[in-house]
Amino acid sequence: MKNSTQRLISAMLTVCMILVLLPAVAFAAESVGYVDHQGIAKTCDDYTIITADTDTWGSDGSTVWYVADTTVTVTDRISVSGNVNLLLKDGVTLKAGDSITINEGAVLTIYAQNGQTGKLEAKLKSLAEAYYNGIYVSSNGAVILNGGTLTAQGCCNGRAAI
């Protein structure tokens, strides 16, 4: 009896550990509404929820969706690769605590919901890092704002924020 109880507990703990290791996209079961660039209401079903540790968005050659569903600060520099769609839920502020880098050839497209009250704030952690701006766009990269509010901080000497 004791061995079977231990095996059951071990199996349950193993399942719990596996579930913890799954990415947030596995739990993104509900559709999230947004407004596209033409003002048409659409939904997104396959996405990753942004947390404070979500600092690598996308990968070369991929198209992915990220959703800011609660106000959160991503503490490390955010790196964007591939085609990344960012959906800012109404009333949510996503703070990039150490700027955003759009890598070569990458595109960050920002969407919002009907109320258009979602916000993205891209600031520098330190003015000493003068190479980076609030959003640094590498060659052939782009930022497309289709909704919400974007605030980007430049560093110094008249450098642009984006």
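This text follows the structure it describes.
**Regarding the overall build of the protein**
The secondary structure content of the protein amounts to one helix and 15 strands. Looking at the protein residue by residue over its 162 residues, the buried ones come to 35%. In the protein, the proportion of contacts linking residues at least 24 apart, taken out of those at least 6 apart, comes to 54%. By element, 54% of the accessible surface of the protein is carried by carbon and sulfur atoms, the whole surface being about 8,900 Å².

**Here's the deal with the sheet that holds strand β9 (residues 93-96)**
Spatially, β6-β9-β12-β15 is the arrangement adopted by the four strands of the open sheet, whose pairing is parallel. The open sheet terminates on both sides in strands that have one partner only, identified here as β6 (72-74) and β15 (149-152). Averaged over all pairs of adjacent strands, the angle between their axes in this sheet comes to 15°, without regard to strand direction. Where strand β12 (residues 119-122) lies against β15, four bridges are found, and the strand directions are parallel. If you follow L120 over to β15, its bridge partner there is L150.

**Considering the side chain of N85**
With respect to the helices and strands, N85 occurs in strand β8 (residues 83-88). In this structure, N85 is in contact with T63, V64, W65, Y66, T109 and Y111, ignoring residues within four places of it in sequence.

**Overview of the sheet that holds strand β4 (residues 56-57)**
One open sheet accounts for four strands, arranged β4-β7-β10-β13; its pairing is parallel. Unpaired on one side and paired on the other, β4 and β13 (135-137) mark the two borders of the sheet. Two strands pair when backbone bridges link them, and strand β7 (residues 78-80) and strand β10 (residues 100-102) are joined in this way by three bridges, in the parallel orientation. Bridging across to β10, I78 finds its partner in I100.

**Quick notes on the packing of aromatic side chains**
Summed over all chains, the structure comprises four aromatic pairs. Among the aromatic residues, those joined into a ring-pair cluster are Y34, W65 and Y111.

**Let's talk about the pairing of β9**
Pairing geometry for β6 and β9, over three bridges, is parallel. Bridged to V72 within β9 is L94. The pairing of β9 with β12 spans four bridges and is classified as parallel. By the bridge assignment, K95 is partnered in β12 with E121.

Reading the values: rules and limits
Residues numbered from 1 in each chain as written. Predicted model: local features only at pLDDT ≥ 70, side-chain atom pairs only at ≥ 80, totals over all residues. Heavy atoms only, no water. Helix = DSSP H or I, 4+ residues; strand = E, 2+ residues; numbered from the N terminus. Buried < 20%, exposed > 50% of the residue type's maximum accessible area, 1.4 Å probe, protein only. Contact = heavy atoms within 4.5 Å. Areas by Shrake-Rupley, 256 points an atom, 1.4 Å probe, with all protein chains shown as cover. Pairing = 2+ DSSP bridges. Axes fitted to C-alpha atoms, helices over the stretch in contact; angles between N-to-C directions. Phe/Tyr/Trp six-rings, centres within 6.5 Å; stacked < 30°, edge-to-face > 60°.

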